[in-house]
Amino acid sequence: MPQPAGRAATYEDLSRIPENATGEIVAGELVVTPRPSRRHVFATSSLDKEVGPPYQLGRGGPGGWVILVEPELGLGEHILVPDLAGWRRERLIESEEHNWISVTPDWVCEVLSPGTVRLDRIQKTAIYRNHGVAHLWLLDPLHRTLEVYALDASSRSWVVRGLYGGNDRVRAEPFQEIEIELAHLWWSSPAGAG
């Protein structure tokens, strides 16, 4: 559903996309993608279950965070929908006059899908860097990998903090107080299923 030539996409354009799609505005362009696969959703919801209780609820961890699934972020001219994002509680205001959140997250996780990998890896990671997101995770449920990055404030570039895969047990910034078993994030067919 492209916008007319020569016109930057607006927030109103997002209201016109089908309900079974996700819409974002990246560099003035409306980007519409289908809803994610079950493997993608499983990885996202499993990671939320790992970091949410200790960091948002303070169960077995320090608390002090707000972790949201698929929040709508207004970062300058861009409207982005990361799979997960987190803010230190004292930084996030409770409401704004618009639907999107204009406070830059402290952490973003993009769960990679074959159809969005270029958007997530190239365009969105650059936007997150330019807007000062401190921590970025790229989770790939197809290849069963996790890439952990931190923003170097002086050079304004991403620094690799860890590369993990398979069944690794991970303590990763900014959630290094807990151990995450990557095996819990991957969709597996029941025994005997094809």
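What comes next is a walk through the structure. (Residues numbered from 1 in each chain as written. Predicted model: local features only at pLDDT ≥ 70, side-chain atom pairs only at ≥ 80, totals over all residues. Heavy atoms only, no water.)

## Some details on the overall build of the chain
Here comes step 1: Regarding its fold elements, the chain presents three helices and 12 strands.
Here comes step 2: Taken over the C-alpha trace, the chain has a radius of gyration of 17 Å; the compact-globule value for 194 residues is 16 Å, and the two agree within 12%.
Here comes step 3: Oriented by its inertia axes, the alpha-carbon framework of the chain measures out at about 50 × 45 × 30 Å.
Here comes step 4: Split into buried and exposed, the 194 residues of the chain put 45% on the buried side.
Here comes step 5: If you sum the accessible surface of the chain, you get close to 10,100 Å²; carbon and sulfur atoms cover 49% of it.
Here comes step 6: Computed over 19 positive and 26 negative side-chain charges, the inter-centroid distance for the chain is 4 Å. (Helix = DSSP H or I, 4+ residues; strand = E, 2+ residues; numbered from the N terminus. Rg over C-alpha atoms; globule rule 2.2 N^0.38 Å. Buried < 20%, exposed > 50% of the residue type's maximum accessible area, 1.4 Å probe, protein only. Areas by Shrake-Rupley, 256 points an atom, 1.4 Å probe, with all protein chains shown as cover. Lys, Arg positive; Asp, Glu negative; His and termini not counted. Charge placed at Lys NZ, Arg CZ, Asp CG, Glu CD.)

## A look at the sheet that holds strand S6 (residues 84–88)
Here comes step 1: If you trace the six strands from one edge of the open sheet to the other, you get S3-S6-S7-S8-S9-S10, paired in mixed fashion. The sheet is open, and its two edges are formed by strand S3 (65–69) and strand S10 (157–165), each paired on a single side. Between one strand axis and the next, the sheet turns by 15 degrees as a mean value, whatever way the strands run.
Here comes step 2: In terms of strand pairing, S6 meets strand S7 (residues 107–111) through three bridges, oriented antiparallel. Within S7, the residue paired with Leu84 across the bridge is Cys109. (Pairing = 2+ DSSP bridges. Axes fitted to C-alpha atoms, helices over the stretch in contact; angles between N-to-C directions.)

## Comments concerning the side chain of Thr33
Here comes step 1: Locating Thr33 in the fold gives a position in strand S2 (residues 29–34).
Here comes step 2: By relative accessible area, which is 15% here, Thr33 ends up buried.

## Thoughts on unusual backbone geometry
Glycine aside, a negative phi is what most residues show, and trans is what most peptide bonds show.
Here comes step 1: Note the cis peptide between Glu173 and Pro174, where omega equals 0 degrees.
Here comes step 2: Summarising the element assignment, Pro174 is placed in the loop between strand S11 (169–170) and strand S12 (180–181).
Here comes step 3: One non-glycine residue, Arg156, lies in positive phi territory at about 55 degrees.
Here comes step 4: Within the fold, Arg156 resides in the loop between strand S9 (145–152) and S10.
Here comes step 5: Owing to a relative accessible area of 40%, Arg156 belongs among the partly exposed residues under this scheme.

## Regarding the layout of surface pockets
Here comes step 1: The volume enclosed by the largest pocket comes to roughly 340 Å³.
Here comes step 2: Lining the largest pocket are 24 residues, with Pro34, Pro36, His40, Ser113 and Thr116 sitting closest to its centre.
Here comes step 3: Residue assignment for the lining of the largest pocket shows that the elements contributing at least two residues are strand S1 (21–26), S2, helix H2 (38–56), S7 and helix H3 (117–130).
Here comes step 4: Partitioning the lining of the largest pocket into residue classes produces nine nonpolar, seven polar and eight charged. (1 Å grid on protein atoms, 1.4 Å probe; cavity = no way out; pocket = protein on both sides within 12 Å on 5 of 7 lines; lining within 4 Å. Points joined across faces, edges and corners; volume = space filled by probe spheres on them. Nonpolar A, V, L, I, M, F, W, Y, C, P; charged D, E, K, R; others polar.)

## Overview of the pattern of salt bridges
Here comes step 1: One pass over the structure, following the stated rule, counts 12 salt bridges.
Here comes step 2: Of the charged contacts, one joins Arg161 and Glu173 as a salt bridge, the two residues approaching to 3.4 Å between their closest N and O atoms. With Arg161 in strand S10 and Glu173 in the loop between S11 and S12, this residue pair connects regions lying 12 residues apart in the sequence.
Here comes step 3: Residue Arg161 is classed as partly exposed on the basis of its relative accessible area of 47%.
Here comes step 4: One salt bridge connects Glu179 with Arg169, and the closest N-O pair in it is separated by 3.1 Å. Note that Glu179 is positioned in the loop between S11 and S12 and Arg169 in strand S11, a separation of 10 residues in sequence.
Here comes step 5: Owing to a relative accessible area of 37%, Glu179 belongs among the partly exposed residues under this scheme. (Salt bridge = Lys/Arg side-chain N within 4 Å of Asp/Glu carboxyl O.)

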